[in-house]
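Residue-level structural notes
Read off the chains here:
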Amino acid sequence: MTTLQRAMQTVLLTMLALFCLVPFAWVALSAVDANAGPTVGAPTFSLQNFTEFFTNADTPRLLVNSLIISVSATALNLACGILGAYALSRFRFRGRKFFMFSILLIRVIPAPATIVALYLLMVRINLDNSYLGLILVEAAAALPVTLWLLKGTIDAIPFELEEAAWMDGSTRFGAIRKIILPLVGPGLGAAAMLTFMAVWGDFLTPLVLLQSPDLYPLSIGLFRAFSAFNQVDWGVLAASAVIYMVPPAILYGVLRRHLLRSSLGGAIKG
Amino acid sequence: MTSVPVPVARPGRRRRDRGMLPLLLGPSVLLIAVFVVAPAGYGIYLSLTNTQLTGFAARDPQFVGLDNFRYLLGSDDFLASLGHTGQFVLFSAIIGQTVLGMLAALLLRRTWLRGKGLFGAAILLPMVVPEVVAALTWASVLSSREDGTFNRLIGLFGGASAAPLQEWPMLSIIIVNIWRGIAFAMIMFQAALEDVPDELIEASRVDGAGAIQVFRYVTLPLIRGPVFLYLLLTTITTVGVFGLVYFLTQGGPGSATQLTSIYIFQHAFQYSQIGLGSAASVILLVLLMTLGLTYVRLAKVDV
């Protein structure tokens with residue numbers, strides 16, 4: 001290949017990368033700018049926006065709310081997911097295939113197609129405007145992916161290991177604890193990351209289900225702050241956006257290796 | 001597919017703890033049934049009533065048969081929202097994301113290329129940041145102020161300042177959604193391209209084929225299946241896009257960017273027409289289920 005062609009291809013890729021990166025300039029610069037406005041400007045460097053986020057009466061609450069909702073929903077999702085995936089992997093029962101394909105189909109239905117009925121249903125069973133309701137909904141929404149992913153992981157663990165444990169007198173649950181749990185790590189890490197990120201970033205479900213500002217997660221808090229057009233503190237808004245990205249980034253850093261090793265291909269690629 | 005085959009079934013031993021099945025699978029089935037399947041069913045029921053959030057019909061909803069559907073299919077507003085959704089899917093997902101994602105996947109395969117990791121990470125970033133942050137960044141880029149990033153860029157080329165979100169609202173949200181989805185397309189195509197043997201491409205190069213010919217006649221036919229599945233999947237997800245667009249335009253100006261997902265939200269929760277919103281949801285649900293079924297049938301997954 002000629003040098004010219006290589007140069008052109010590199011330029012093309014650089015332009016694509018810039019297109020992807022440039023929009024983030026505002027968040028990155030304004031978060032550390034004492035005089036931030038709605039557009040990009042050279043910052044007067046200061047960490048004041050972050051201080052304000054944490055000392056403000058309302059904003060730390062948003063972060064805590066997001067953490068409560070996402071951590072609980074992820075924990076519930078994984079707990080149900082690992083039991084269910086074990087059953088789907090190790091038991092052959094009537095309707096198993098149908099169930100697997102049904103949840104695959106459910107996974108492709110996006111939230112706007114069922115959100116109206118979901119809201120009314122939640123009002124009926126008195127679970128609207130509460131952490132519990134939102135946590136249950138979020139855990140359920142991410143469950144199909146978790147089940148597929150963990151089933152693939154458990155399929156890869158040799159059944160003989162469990163049988164051996166039974167021979168040694170373990171109960172079925174004992175064998176799950178001793179054999180499956182230690183080996184299911186990579187899949188569990190991947191499922192945890194996908195679920196946490198989906199719940200953490202969700203906008204529509206909390207927007208519809210929650211009415212009390214006390215319960216708002218960061219996504220809704222940022223939206224409300226942005227929509228209050230005349231009194232927006234742009235610096236704090238940008239700092240909040242940065243803080244909003246930290247937990248998923250940390251999780252990604254910790255679990256990245258697991259993600260690559262798991263059978264994520266099966267869950268996404270189909 | 002990377003999944004490992006299930007060990008050969010041994011029914012005798014498997015059946016040992018049959019009683020545990022409800023205990024193991026029960027919680028998952030219950031959660032999915034109550035919070036995913038029941039709302040879908042309830043939505044179909046609601047779509048046949050004149051339920052409202054407030055007012056007279058809120059207390060005493062009536063069964064109205066197919067009235068909501070009749071109204072929607074004769075409503076210019078709703079049909080326009082379907083049209084907007086179609087445009088949005090066609091230009092942002094099927095054309096924009098696919099072309100740029102494929103380009104990124106092909107370029108990142110070049111063996112001579114340095115800094116693959118950095119390029120990959122840059123392209124990945126728009127997909128992994130939360131929807132709200134993505135929308136916020138673009139609100140700044142597309143700001144109507146003269147110092148907005150977009151206006152500065154066209155200023156460099158001597159153009160006059162504009163208010164993209166007001167003047168070209170549809171084009172704006174299409175570009176924002178392309179930006180957000182390049183990475184997903186890239187990942188899917190990278191996976192597909194791994195199955196294309198290098199020798200085959202080498203051979204056609206030796207035979208004198210140019211880069212475009214190689215792609216058109218060698219690479220593309222080999223990855224046709226995964227590309228088609230990607231198109232189905234991205235269509236389904238793009239129809240469901242809500243937050244990104246709602247944050248930026250709230251469906252406006254007027255109803256220029258009122259996608260069906262936004263139509264549903266506004267009618268149900270802002271105008272309190274639950275029955276109508278549900279009927280619109282059911283129409284969307286049916287369309288997506290059809291696409292989803294095709295996807296599930298064609299995606300060759302082992303269970």
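We now turn to the structure provided with this report.

Each value, and the rule that gives it
- Residues numbered from 1 in each chain as written.
- Chains lettered and ligands numbered in written order.
- Predicted model: local features only at pLDDT ≥ 70, side-chain atom pairs only at ≥ 80, totals over all residues.
- Heavy atoms only, no water.
- Helix = DSSP H or I, 4+ residues; strand = E, 2+ residues; numbered from the N terminus.
- Rg over C-alpha atoms; globule rule 2.2 N^0.38 Å.
- Buried < 20%, exposed > 50% of the residue type's maximum accessible area, 1.4 Å probe, protein only.
- Contact = heavy atoms within 4.5 Å.
- Areas by Shrake-Rupley, 256 points an atom, 1.4 Å probe, with all protein chains shown as cover.
- 1 Å grid on protein atoms, 1.4 Å probe; cavity = no way out; pocket = protein on both sides within 12 Å on 5 of 7 lines; lining within 4 Å.
- Points joined across faces, edges and corners; volume = space filled by probe spheres on them.
- Nonpolar A, V, L, I, M, F, W, Y, C, P; charged D, E, K, R; others polar.
- Buried area = accessible area lost by both parts, 1.4 Å probe.
- Salt bridge = Lys/Arg side-chain N within 4 Å of Asp/Glu carboxyl O.
- Polar contact = N/O pair within 3.5 Å; in protein donor to acceptor, adjacent residues only side chain to side chain.
- Axes fitted to C-alpha atoms, helices over the stretch in contact; angles between N-to-C directions.
- Parallel < 35°, antiparallel > 145°, perpendicular 65-115°, else oblique.
- Left-handed = near helix turned anticlockwise from the far one by under 90°.
- Phe/Tyr/Trp six-rings, centres within 6.5 Å; stacked < 30°, edge-to-face > 60°.
- Expected span 1.5 Å × (residues − 1).

The helix and strand tally for chain B stands at 16 helices and zero strands. Taking 303 residues into account, the globule formula puts the C-alpha radius of gyration at 19 Å, and chain B, at 24 Å, lies well above it. Based on the C-alpha atoms only, the size of chain B along its principal axes is roughly 75 × 75 × 30 Å. In chain B, which comprises 303 residues, the share counted as buried stands at 50%. For chain B, restricting intrachain contacts to residue pairs at least 6 apart in sequence, the fraction spanning at least 24 positions comes to 67%. When the accessible surface of chain B is totalled, it reaches about 14,200 Å², and 65% of it is carbon and sulfur.

What follows covers empty space enclosed by the protein. With the rule as written, the count across this model stands at two cavities of 30 Å³ or more. By volume, the largest cavity amounts to about 60 Å³. Of the residues forming the lining of the largest cavity, the biggest block, three residues, is contributed by helix H4 (residues 59–90) of chain A. The residue makeup of the lining of the largest cavity, split by class, is six nonpolar, three polar and two charged. Along its surface, the second largest cavity is lined by Ala113(A), Thr114(A), Val116(A), Ala117(A), Pro39(B), Ala40(B), Gly43(B), Ser278(B), Ser281(B), Val282(B) and Leu285(B). The element that contributes the greatest number of residues to the lining of the second largest cavity is helix H16 (residues 274–298) of chain B, accounting for four residues.

Opposite the 101 residues of chain B that make contact, chain A presents 97 residues. Summed over both sides, the interface between chain B and chain A buries roughly 9,100 Å², with carbon and sulfur atoms accounting for 79% of that surface. Along the contact surface separating chain B from chain A lie zero salt bridges. Between the two partners, chain B and chain A, sit seven residue pairs in polar contact (both at pLDDT 80 or more). Grouping the amino acids of the side of chain B that touches chain A by side-chain chemistry returns 71 nonpolar, 17 polar and 13 charged.

Time to look at the side chain of Thr85(B). Residues and elements named next belong to chain B. Structurally, Thr85 is set in helix H5 (residues 76–107). Separated by 2.9 Å, the side chain of Thr85 and the backbone nitrogen of Thr260 make a polar contact. Those residues in contact with Thr85 that sit more than four places away from it in its chain are Val239, Leu259 and Thr260.

Before going further, it helps to examine the environment of Leu72(B). All names here are of chain B. Following the sequence through the fold, Leu72 ends up in helix H4 (residues 67–73). For the pair Leu72 and Tyr217, spaced 145 residues apart in sequence, the C-alpha separation works out to 45 Å. Excluding residues within four positions of it along the chain, Leu72 makes contact with Phe78, Leu79, Tyr263, Leu276, Ala279, Ala280 and Ile283.

Geometrically, the link from Gly252(B) to Pro253(B) is a cis peptide bond, its omega value of -5° lying close to zero. Assignment of secondary structure puts Pro253(B) in the loop between helix H14 (243–249) and helix H15 (260–270). Although it is not a glycine, Asn129(A) sits at a positive phi angle of roughly 50°. Positionally, Asn129(A) belongs in the loop between helix H6 (115–124) and helix H7 (131–155). The residue Gln250(B) is not glycine, and still its phi comes out positive at about 50°. Looking at the element boundaries, Gln250(B) is found in the loop between H14 and H15.

Attention shifts here to the packing of helix H8 (residues 159–167) of chain A against helix H9 (residues 172–183) of chain A. Residues and elements named next belong to chain A. Where H8 contacts H9, the axes come no closer than 9 Å and their chain directions differ by 140°. By the angle between their axes, H8 is oblique relative to H9. The chirality of how H8 crosses H9 is right-handed. Where H8 abuts H9, its residues Phe159, Leu161, Glu162, Ala165 and Trp166 lie against Arg172, Ala175, Ile179, Ile180 and Leu183. Split by residue class, the contact of H8 with H9 holds eight nonpolar, no polar and two charged.

To continue, consider the packing of aromatic side chains. Counting across every chain of the model gives 24 aromatic pairs over all chains. With a centroid separation of 6.1 Å and 85° between ring planes, the pair formed by Trp26(A) and Trp234(A) is classed as edge-to-face. With Trp26(A) in helix H2 (residues 25–31) and Trp234(A) in helix H13 (residues 234–261), this pair connects stretches of sequence that are 208 residues apart. Summarising the burial analysis for this pair, Trp26(A) and Trp234(A) share the class buried. For the pair Phe150(B) and Trp168(B), a centre-to-centre distance of 6.2 Å together with 75° between the ring planes defines the contact as edge-to-face. Of the two residues, Phe150(B) is situated in helix H8 (residues 149–156) and Trp168(B) in the loop between helix H9 (164–167) and helix H10 (169–193); the sequence distance between them amounts to 18 residues. Looking at Phe150(B), the relative accessible area reads 24%, which means it is partly exposed. Each residue in the set Trp26(A), Tyr119(A), Phe203(A), Phe223(A), Phe226(A), Trp234(A), Phe242(B), Tyr246(B), Phe247(B), Phe265(B) and Phe269(B) is aromatic and connected to the rest through ring pairs, giving one cluster.

Let's shift gears to the environment of Gln87(B). Residues and elements named next belong to chain B. Following the sequence through the fold, Gln87 ends up in helix H5. Each C-alpha atom, one on Gln87 and one on Arg297, is 26 Å from the other, the two residues being 210 residues apart in sequence. Discounting chain neighbours no more than four positions away, the residues touching Gln87 are Ser92, Met170 and Ile174.

Residue and element names in this part refer to chain B. Its location among the elements puts Asn151 in helix H8. There is a polar contact of 3.4 Å between the side chain of Asn151 and the backbone oxygen of Ser143. The contact partners of Asn151, leaving out residues within four places of it in the chain, are Ser143, Ser144, Arg145, Glu146, Ser161 and Ala162.

Our next topic: helix H1 (residues 3–21) of chain A. Between its first and last C-alpha atoms H1(A) spans 27 Å; for 19 residues at 1.5 Å apiece the expected length is 27 Å, and the two agree. Looking at the buried side of H1(A), the elements it contacts are H5, helix H6 (116–128) and H10 of chain B.

Just distances and angles here, no functional claims.
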